[in-house]
Amino acid sequence: MAVMVEIHFPVTAEDEWIDDVGDFMIDLEDEFGITEYEDGEEVGDDYVFFIAGASERRLLAAASRVATRKGVPAGAYAMVTDTEAAKVGMGRRVRLPVR
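Structure report, in brief. Note that the structure is predicted; figures quoted are calculated from it, not measured.

**Brief notes about the overall build of the protein**
Move 1: In terms of helices and strands, the protein carries 2 helices and 5 strands.
Move 2: Start at the N end of the protein and walk to the C end: the helices and strands fall as β-α-β-β-α-β-β.
Move 3: A globule of 99 residues ought to have a C-alpha radius of gyration of about 13 Å, and the protein, at 12 Å, matches this closely.
Move 4: Over its C-alpha atoms, taken along the principal directions, the protein stretches across nearly 35 × 30 × 25 Å.
Move 5: The 99 residues of the protein split such that 40% are buried.
Move 6: Excluding contacts between residues fewer than 6 apart, the proportion of contacts in the protein whose partners are at least 24 apart in sequence is 69%.
Move 7: Of the roughly 5800 Å² of accessible surface on the protein, a fraction of 46% belongs to carbon and sulfur atoms.
Move 8: Of note, the protein has its 10 positive side-chain charges centred 12 Å away from the centre of its 21 negative side-chain charges.

Right, here's the structure in full:
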């Protein structure tokens, strides 16, 4: 079991930002030493990206970078959970960006 952060964004009619974030995650892997744990997916009214492989602090720093990226929808938040969580959305909710 390892710490995982889910980055939740509200689903929008425009979805070009999703591919952009996916590409940006590759850069964050090198910069923060994180890994994209699973492919992003639509869950209810949110589009969720999953990151792991680092400390909670580093994962939240990376999530904050994603949340403040130009072109992504406002209202992102993170869920701090673990890689063995029974379902998406379980854990502690954290407002993004973390200050």
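**Description of helix H1 (residues 16–32)**
Move 1: For H1, built from 17 residues, the straight-helix expectation of 24 Å at 1.5 Å per residue is met to within 8% by its first-to-last C-alpha distance of 24 Å.
Move 2: All buried positions along H1 are accounted for by Trp17, Ile18, Val21, Gly22, Phe24, Met25, Leu28 and Phe32.
Move 3: Contacts made by the buried residues of H1 are with strand S1 (3–10), strand S2 (35–43), strand S3 (46–52) and helix H2 (56–67).
Move 4: Immediately downstream of H1, the backbone of Gly33 shows phi near 70°, a positive value.

About the criteria used
Residues numbered from 1 in each chain as written. Predicted model: local features only at pLDDT ≥ 70, side-chain atom pairs only at ≥ 80, totals over all residues. Heavy atoms only, no water. Helix = DSSP H or I, 4+ residues; strand = E, 2+ residues; numbered from the N terminus. Rg over C-alpha atoms; globule rule 2.2 N^0.38 Å. Buried < 20%, exposed > 50% of the residue type's maximum accessible area, 1.4 Å probe, protein only. Contact = heavy atoms within 4.5 Å. Areas by Shrake-Rupley, 256 points an atom, 1.4 Å probe, with all protein chains shown as cover. Lys, Arg positive; Asp, Glu negative; His and termini not counted. Charge placed at Lys NZ, Arg CZ, Asp CG, Glu CD. Expected span 1.5 Å × (residues − 1).

These results come straight from atomic positions and should not be treated as a statement about function.
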